[in-house]
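# Coordinate analysis (summary)
In case you want the letters, here they are:
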Amino acid sequence: MADTRIGLFGGTFDPIHYGHLRPAVEMAERFALSTLFMLPNHRPAHRGPTAASTDSRIDMLDLALENAPHLAVDGREALRDRPSYTIDTLREVHAENPEATLLFFMGMDAFAAFDTWHDWEGVLALANLVIVNRPDAEHSVFSADLLTRQQASRGAKIVNGGSGVIEILDVTQLDISATDIRRRIAQNLSVRFLLPEPVLEYIGDNNLYRENH
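Cut-off values and rules
Residues numbered from 1 in each chain as written. Predicted model: local features only at pLDDT ≥ 70, side-chain atom pairs only at ≥ 80, totals over all residues. Heavy atoms only, no water. Helix = DSSP H or I, 4+ residues; strand = E, 2+ residues; numbered from the N terminus. Pairing = 2+ DSSP bridges. Axes fitted to C-alpha atoms, helices over the stretch in contact; angles between N-to-C directions. Contact = heavy atoms within 4.5 Å. Core = buried A, V, L, I, M, F, W, Y, C linked by side-chain atoms within 4.5 Å. Buried < 20%, exposed > 50% of the residue type's maximum accessible area, 1.4 Å probe, protein only. Expected span 1.5 Å × (residues − 1).

## Some remarks on unusual backbone geometry
The amide bond that connects Asp-14 to the next residue, Pro-15, takes the cis arrangement and shows omega of 10°. Phi is positive for Asp-119, close to 50°, though the residue is something other than glycine. By the element assignment, Asp-119 lies in the loop between helix H4 (108-112) and helix H5 (120-126). For Asn-188, which is not glycine, the phi dihedral falls at a positive 60°. By secondary structure assignment, the location of Asn-188 is in the loop between helix H7 (178-186) and helix H8 (197-205).

## Details of the sheet that holds strand S4 (residues 101-107)
Judged by pairing direction, the sheet is parallel, and its 6 strands sit side by side in the order S3-S2-S1-S4-S5-S6 without closing on themselves. Since the sheet does not close on itself, it has two edges, and those belong to strand S3 (71-73) and strand S6 (166-169), each with one partner. Strand-to-strand twist across the sheet, computed as the mean angle between neighbouring axes with direction ignored, equals 25°. Across 5 bridges, the pairing between strand S1 (residues 5-11) and S4 is parallel. Paired with Phe-9 across the two strands is Phe-105, which belongs to S4. Its contacts with the sheet place helix H2 (residues 54-64) against strand S2 (35-40) and S3, and it is angled at close to 155° to S2. Packing of helix H3 (residues 86-96) onto the sheet brings it into contact with S1, S2 and S4, and relative to S4 it is tilted by some 155°.

## Details of the nonpolar core
In terms of nonpolar packing, the biggest core is built from 36 residues, with Ile-16, Leu-36, Met-38, Met-60 and Phe-105 touching the most fellow members. Put simply, the parts of the chain that give this core at least two residues each are helix H1 (18-30), S2, H2, S4, strand S5 (128-132), H7 and H8. The element that contributes the greatest number of residues to this core is H1, accounting for 4 residues. The contacts of Phe-105, once residues within four sequence positions are left out, are Gly-7, Leu-8, Phe-9, Met-27, Phe-31, Leu-33, Leu-36, Val-130 and Leu-169. If you look at the next biggest cluster of nonpolar residues, it comprises 26 residues, including Ile-6, Leu-124, Leu-129 and Leu-147.

## So, the environment of Glu-77
You can see Glu-77 is positioned in the loop between S3 and H3. Residues Glu-77 and Tyr-202 lie 125 residues apart in sequence; the distance between their C-alpha atoms is 22 Å. Other than its neighbours up to four places away in sequence, Glu-77 contacts Leu-39, Pro-40, Asn-41, His-42, Ser-84, Tyr-85, Thr-86 and Thr-89.

## A closer look at H1
Counted at 1.5 Å a residue, the expected span for H1 with its 13 residues is 18 Å, and the 18 Å between its end C-alpha atoms agrees. Taken as a whole, H1 has its buried residues at Gly-19, His-20, Leu-21, Pro-23, Ala-24, Glu-26, Met-27 and Ala-28. Immediately beyond the C-terminal end of H1, within one or two residues, lies Ala-32, with a positive phi of roughly 50°.

## Here we look at the side chain of His-17
Counting through the fold element by element, His-17 comes out in the loop between S1 and H1. The exposure class of His-17 is buried, given its relative accessible area of 3%. Sequence-distant contacts of His-17, defined by excluding residues within four places in its chain, comprise Ile-176, Ser-177, Ala-178, Ile-181, Leu-194, Leu-195 and Pro-196.

Remember that the coordinates give geometry; whether it matters functionally is a separate question.
As structure tokens, this is what we get:
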């Protein structure tokens, strides 16, 4: 269908928490997405190794999204035994859904360094970008200029079909970080109400993020 909109939201999700999930719900609603796929990375190109295994991070995402309409897990990047590049994923998703409008979501901090991404121009040729505002992140000279140029040539609002539009999105900001969650678990402190209960149970059952496990 020509009006199908597919969203892609990547990250390590190590572990998945409400700071990821609440914005994801708002992304899906704001852009009337058919599906927002959450893409756990296997070997992130811009980060070091993850604390939990790929399988565990996918399991936790599956648990977190079990009753979440329009949100789903896409494990393709996690299955790549090499650094994960967004352009590869977009090419695959576009080939599978040639009529769909693709929206790729990223934080303002990532957008500021977008010129360091592998084939960033190819990303814009295949998808629209939705930049999630973050209070502690600012534009770089590159990202500010790119946003101005793209909005002048493509417009500031994403419509059905096409690519290359860059839109800024404000979402509910929950000051939760996976790094802090891992630290709390390692120090035997509670992380309840920071992430879904099934994920918390999974972490406990599998003894994840403990310093001596």
